[in-house]
Amino acid sequence: MFYTYIFLPLISAIFVPFLYKYFNRVVHTGWFVLLVPTSIFIYLLQYIPGVAAGDTYKYTLSWIPSLDMNMISYVDGLSLLFGLLISGVGSLVIIYSIFYMSKVREALHNFYIYLLMFMGAMLGVVFSDHLLVLYGFWELTSVSSFLLISYWYERKSSRQGALKALLITVLGGFGMLAGFIMLIMMADTYSIREMIANLEVIQSHVLFIPAMLCVLLGAFTKSAQFPFGIWLPDAMEAPTPVSSYLHSATMVKAGIYLVARMTPIFGGSSVWFWLVAGIGLITLLYGSLTALRQTDLKAMLAYSTISQLGLIMCLLGVGSLAVYFGPGESGTIFTVATFAALFHLFNHSTFKGSLFMVVGIIDHETGRRDIRYFGGLMQVMPITFTIALIGGLSMAGLPPFNGFLSKEMFFAAVNEVSQAGIFGLGSIGLLFPIIAWIASIFTFVYCMIFVFKTFGGQYRPEKLTRKVHEAPWGMLFSPAVLALLVILIFFFPNVLGKYILTPALTSILPMMPLSPYDLKISAWHGPNMELIMTFGVIVVGLLLFKTSKQWIQVMRNYPQGLTLNHWYNKGLTGTERLSESLTNRYMTGSLRRYLIYIFSFFVIVLISSLLLLHGLQFDFSNNAAINIFDVGLVLAMVIAACTVLFAGNRIVAIVALGALGYMVSMFFVIFRAPDLALTQMVVETVTTVLFLLCFYHLPKLKKSIERIPFKLTNLVISIAMGLTVTVLALSANGHKLFEPITSFFENAFELAGAKNIVNAILVDFRGFDTMLEISVLSIAGLGVYIFVHQRSKRREQNETE
């Protein structure tokens, strides 16, 4: 039952084209798709009481048991938190998309297929315990997000944004895969839970730090941490429902999830602390500063998302100190930081999701997203303004909204870390509360700009392309629900804390005893440093907002040559030019040159490897005796091969080629491999017949006498290639480090039920390899068919015209 729901989005995606084709004219396809996340959300709700009581649930789906590749899933506090966000926000996003995406103008079947693919991939990531299965779903999120970002593929900006997101996240994913492989090597298991239970072996291993760095590369690229966050603003070219889902509640939180899940393994290390907390703090400041420079509302929210993700990442880094201190007063203090990270993660999904939907409403109703054209929209869109006010003030960290509670806990965490006294946190530790406070001021300012520059002031209808009115109820419903949650969580935060956040915290820090008193969320703690910092944020933020006309243009005139985007574009352009230059140098159209490159590289690499690794070893003691039949067959094969080269008639060349293949099969007979001999004979017969059919339709060879010039390069490379292959074969025969696998394949009938060993190897033992080869050929064949079909179609259209 569990896997039925987890795979439900991927399975449902298969039926979306049929629903779109037969029912879209009657009812929007989104109403059918809505059933998928809603049913998953309702199903996951039943786990809350058990998980809150400390239970975990393990499910195993057998996949490739012989390779220990099974779908092992755990439902614990952390995975349940993310599962509820993925399905719950997913349901609201689909409701919103039903009214946002036109069923007449849009290719909705593509949109919902991509969305369901992404939803299924995210559920696979958060519930997987097997590292390689997790990686597979991780990359599927990158592929599906690429398709969603480039949904309006006719726009160049959409294609470029999708490509940038794919390049950066997949690059990080490759690094993460390397880290996973190192972890598997260290722990000798694929299971994250088993790794946590085997910490001493991992933490004392020489690969501990390299594995950590590789895993963080994947997390930082996916969660848009500095300097990798440049892909997120460009991804705003996607439809607004995609931005609300991927870039506020789910995809960008995958890196957060990975860091949280790996904290028990890597937490307590100074490298982990400085990288996670430090990069998070830098990202927080960078995102808030850059958001102030934006005039596009979605771009402003994109950089604010980067900033808020940095805040959460910083809290997870600070919270990892609990692993270092362990149970005790100091450990408990930093446990609260991890709790705050989880709390703000949930809060961010609510207020940022509603704000993205508000921007979609503004864009949908006004035809613009540039804040310089807006003003006074609250007069014509009062409900949208109310939702934007709630979301904006929550992101600014003001009461009575949930963002205030988690922001206060963030201030408390950075104040504590400045006094930790470990990992070199002396005077440099003071930078944590200082930078956090400055970034919070800028966050306050851009929130005020977003809300009041858009909805306040004088209404200017002449600047807009459409007659503005309030959005339909369907578009208001989802952001209104999220805004309502923003308020409810402020007044009843401990319901969320007790049933959702505390179990998730237990999953991240299983070694810490949790006290309900320590994790109690309260809006008032009396006059303390956090309250003073908040008061300072409001006072300084209001002053900066009131005087924003005098200084914000200076920030917007920041030199483009110094931006990360500029360096990315420059690096990409330079790489393309370099590769084009190199390609033009060796892609000359000469087959002879290509063979020279290939054979020279082959000879140099193999001979160098054999010499450097002392691989030259010849042992003929166990070789069988060479008889007259072997010598005769070799000579006959040489004669047949030379005949193919020098034949003046195609029929003669084909016959000689076939004879060569049959003589190879005779060798297999002598070597007592009848199955291989039979297969070789069948292949040779089929290819010979096909050659004859093909060459029958070609023109005859023209006889001409030409003097072929002698080329020393050809002679040297030919001799070197032949010697290399011979030496390699003899050396391999002399280095028998392992027992031969022939005895294993001789058991083909028992293992695979096959009487032909060759067929058993191809179909069963090498089944995936063969399947992929067939897939490649099928894709190539389909591509050729499509090109031919399109060409014929164009020709018919031209003839008709």
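Here we summarise the structure given alongside this text. (Residues numbered from 1 in each chain as written. Predicted model: local features only at pLDDT ≥ 70, side-chain atom pairs only at ≥ 80, totals over all residues. Heavy atoms only, no water.)

### Observations regarding the overall build of the protein
Test applied: What counts as a helix is a DSSP run of H or I of at least four residues, what counts as a strand is a run of E of at least two, and both are numbered from the N terminus. Only heavy atoms matter for contacts: two residues are in contact if any of them lie within 4.5 Å across the pair. For the accessible areas, the method is Shrake-Rupley and the probe is 1.4 Å, while residue cover comes only from the protein chains on display. Positive charge is attributed to Lys and Arg, negative charge to Asp and Glu, and no charge count is given to His or to the chain ends. A single reference atom marks each charge: NZ on Lys, CZ on Arg, CG on Asp, CD on Glu.
The secondary structure content of the protein amounts to 36 helices and 2 strands. For the protein, the spread of C-alpha atoms along the three principal axes comes to 100 × 75 × 50 Å. A fraction of 80% describes how many contacts in the protein between residues 6 or more apart in sequence connect residues 24 or more apart. Carbon and sulfur atoms make up 68% of the accessible area of the protein, which totals about 39,800 Å². Looking at the protein, you have 49 positive and 39 negative side-chain charges, and the mean spots of the two groups are 14 Å apart.

### A few points about helix H6 (residues 77-100)
Cut-off, in case you're wondering: Every helix has an expected span of 1.5 Å times one less than the residues it contains. When accessible area is computed with a 1.4 Å probe and restricted to protein chains, residues below 20% of their type maximum are described as buried, those above 50% as exposed, and intermediate ones as partly exposed.
Taking 1.5 Å per residue, 24 residues should reach 34 Å; H6 reaches 34 Å between its end C-alpha atoms and fits that length. Counting buried positions along H6 gives 23 out of 24 residues, so the element sits mostly inside the fold.

### Comments concerning the packing of aromatic side chains
Put simply, the rule is: Stacked, tilted and edge-to-face pairs are distinguished by plane angle, under 30 degrees for stacked and over 60 for edge-to-face with tilted covering the rest, among Phe, Tyr and Trp rings (Trp via its six-membered ring) whose centres lie within 6.5 Å.
Applying the stated criterion across every chain, the model contains 31 aromatic pairs. Pairing Phe226 with Tyr286 gives two aromatic rings, centres 5.3 Å apart and planes at 65 degrees, and the pair type is edge-to-face. Taken together, the residues Phe226 in the loop between helix H12 (208-222) and helix H13 (231-234) and Tyr286 in helix H16 (residues 270-292) connect sequence positions 60 residues apart. Ring geometry for Phe452 and Phe545: centres 6.4 Å apart, planes at 50 degrees, overall tilted.

### Re the pattern of salt bridges
Stated precisely, the cut-off is as follows: Just to be clear on terms, a salt bridge is a Lys or Arg side-chain nitrogen sitting within 4 Å of an Asp or Glu carboxyl oxygen.
Evaluation of the coordinates by the stated rule reveals 8 salt bridges. The partner of Arg193 in a salt bridge is Asp76, and the shortest N-O contact between them spans 2.7 Å. With Arg193 in helix H10 (residues 192-196) and Asp76 in the loop between strand S2 (69-75) and H6, this residue pair connects regions lying 117 residues apart in the sequence. Here Glu408 and Lys407 are joined by a salt bridge, their closest N and O atoms 3.0 Å apart. Taken as a pair, Glu408 and Lys407 share a single burial class, namely buried. Through salt bridges with shared partners, one network takes in Asp76, Asp129, Arg193 and Arg261.

### As for the side chain of Gln294
By secondary structure assignment, the location of Gln294 is in the loop between H16 and helix H17 (297-319). Discounting chain neighbours no more than four positions away, the residues touching Gln294 are Ala299, Met300, Tyr303 and Arg556.

### Remarks on the side chain of Ser102
Where we set the bar: Here a polar contact is taken to be a pair of N or O atoms separated by no more than 3.5 Å, where protein atoms must pair a possible hydrogen donor with a possible acceptor and residues adjacent in sequence count only if both atoms sit in side chains.
Summarising the element assignment, Ser102 is placed in the loop between H6 and helix H7 (108-127). Ser102 sits in the buried class, given a relative accessible area of 16%. In this structure the side chain of Ser102 is engaged in a polar contact, spanning 3.2 Å, whose partner is the backbone nitrogen of Arg105.

### Details of the nonpolar core
Our working definition: The definition of a nonpolar core used throughout is a set of buried Ala, Val, Leu, Ile, Met, Phe, Trp, Tyr and Cys residues joined through side-chain atoms within 4.5 Å.
In this structure, Phe180, Leu183, Met262 and Phe266 are the most contacted members of the largest nonpolar core, which totals 209 residues. The element contributing the most residues to this core is helix H19 (residues 329-366), with 17 residues. Setting aside chain neighbours within four positions, we find Phe180 in contact with Leu131, Leu134, Tyr135, Val215, Leu258 and Met262.

### As for unusual backbone geometry
The omega torsion across Phe226 and Pro227 is 5 degrees, close enough to zero to call that bond cis. A cis amide bond links Pro399 to the next residue, Pro400, at an omega of 0 degrees. For Asp188, which is not a glycine, the phi torsion comes out positive at approximately 55 degrees. Relative to the assigned elements, Asp188 resides in the loop between helix H9 (156-187) and H10. Backbone geometry places Ala224, a non-glycine residue, at a positive phi of 55 degrees. Inspection of the secondary structure assignment puts Ala224 in the loop between H12 and H13.

### Describing the environment of Ser718
Mapped onto the secondary structure, Ser718 falls in helix H32 (residues 712-734). Residues Ser718 and Gly280 lie 438 residues apart in sequence; the distance between their C-alpha atoms is 58 Å. Here the side chain of Ser718 touches Asn714 through a polar contact of 2.6 Å, landing on its backbone oxygen.

### A few points about empty space enclosed by the protein
Note the threshold: Cavities and pockets were defined on a 1 Å grid built over protein atoms only: a cavity is a set of grid points that admits a 1.4 Å probe from which the probe cannot escape, a pocket is an open set flanked by protein on both sides within 12 Å along at least five of seven lines, and lining residues are those with an atom within 4 Å of any such point. Grid points are joined across faces, edges and corners, and a volume is the space filled by probe spheres set on the points.
Across all of its chains, the model carries 2 cavities of 30 Å³ or more by this definition. Empty space within the largest cavity amounts to approximately 90 Å³. In terms of lining, the largest cavity is formed by 13 residues, of which the most central are Leu311, Met395, Lys407, Ser440 and Thr443. Secondary structure elements with two or more residues in the lining of the largest cavity: H17, helix H20 (382-396), helix H21 (402-417) and helix H22 (431-455). Here the lining of the largest cavity gets 3 residues from one element, more than from any other, and that element is H20.

### Observations regarding H16
Here H16 contains 23 residues, and its C-alpha end-to-end distance of 33 Å stays within 8% of the 33 Å for a straight helix at 1.5 Å per residue. A distance of 3.3 Å separates the backbone nitrogen of Val271 from a side-chain oxygen at the start of H16, and that oxygen is part of Ser269.

### Concerning the pairing of S2
Test applied: DSSP bridges decide pairing: two strands pair if at least two such bridges lie between them.
Burial within S2 is extensive, with 7 of its 7 residues counted as buried. Going residue by residue along S2, you find Met69, Met71, Ser73 and Val75 tucked away on one face and Asn70, Ile72 and Tyr74 tucked away on the opposite face as well. Bridge count for strand S1 (residues 57-64) against S2 is 7 bridges, and the pairing is antiparallel. Note on S2: the bridge partner recorded for Tyr57 is Val75.

### Regarding the packing of helix H28 (residues 591-612) against H32
The line we're drawing: Every axis corresponds to a line fitted to the C-alpha atoms, with the helix fit spanning only the stretch in contact, and the corresponding angles, defined between N-to-C directions, vary from 0 to 180 degrees. We call two directions roughly parallel when the angle between them is under 35 degrees, roughly antiparallel when it is over 145, roughly perpendicular when it lies between 65 and 115, and oblique otherwise. Should the near helix be turned anticlockwise from the far one by less than a right angle, the crossing is left-handed, and should it be turned clockwise, the crossing is right-handed. As a working rule, the residues Ala, Val, Leu, Ile, Met, Phe, Trp, Tyr, Cys and Pro are called nonpolar, Asp, Glu, Lys and Arg charged, and the rest polar, with Gly in that last group.
Where H28 contacts H32, the two axes come as close as 10 Å, and the packing angle between them is 40 degrees. With respect to each other, H28 and H32 are oriented oblique. The two elements H28 and H32 cross, and the hand of that crossing is left-handed. For the pair formed by H28 and H32, the contact residues are Arg592, Ile596, Phe599, Ser600, Phe602, Val603, Leu606, Ile607 and Leu610 on the first element and Thr713, Asn714, Ile717, Ala720, Met721, Thr724, Val725, Val727 and Leu728 on the second. Residue composition of the contact of H28 with H32, by class: 13 nonpolar, 4 polar and 1 charged.

### A short note on a nonpolar patch on the surface
Heads up, the rule is: The patches described consist of residues with a relative accessible area above 30% and no salt bridge, like charges being joined within 9 Å and nonpolar side chains (Val, Leu, Ile, Met, Phe, Trp, Tyr) within 5 Å.
On the surface, Leu578, Leu582, Tyr586, Met587, Leu591, Leu595, Tyr597 and Ile598 cluster together into a nonpolar patch covering about 790 Å² of accessible area. Listed by contribution, the elements that provide at least two residues to the nonpolar patch are helix H27 (564-586) and H28. Considering every element that reaches the nonpolar patch, the biggest residue donor is H28, with 4 residues.

### What about the packing of H12 against helix H15 (residues 251-266)?
With their axes 7 Å apart at the nearest point, H12 and H15 run at an angle of 160 degrees to one another. The angle between the axes of H12 and H15 places the two elements in the roughly antiparallel class. Crossing of H12 over H15 shows left-handed handedness. On H15, the residues touching Phe208, Ala211, Met212, Val215, Leu216, Ala219 and Lys222 of H12 are Met251, Val252, Ala254, Gly255, Leu258, Val259, Met262, Ile265 and Phe266. Of the residues contributing to the contact of H12 with H15, the split by class is 14 nonpolar, 1 polar and 1 charged.

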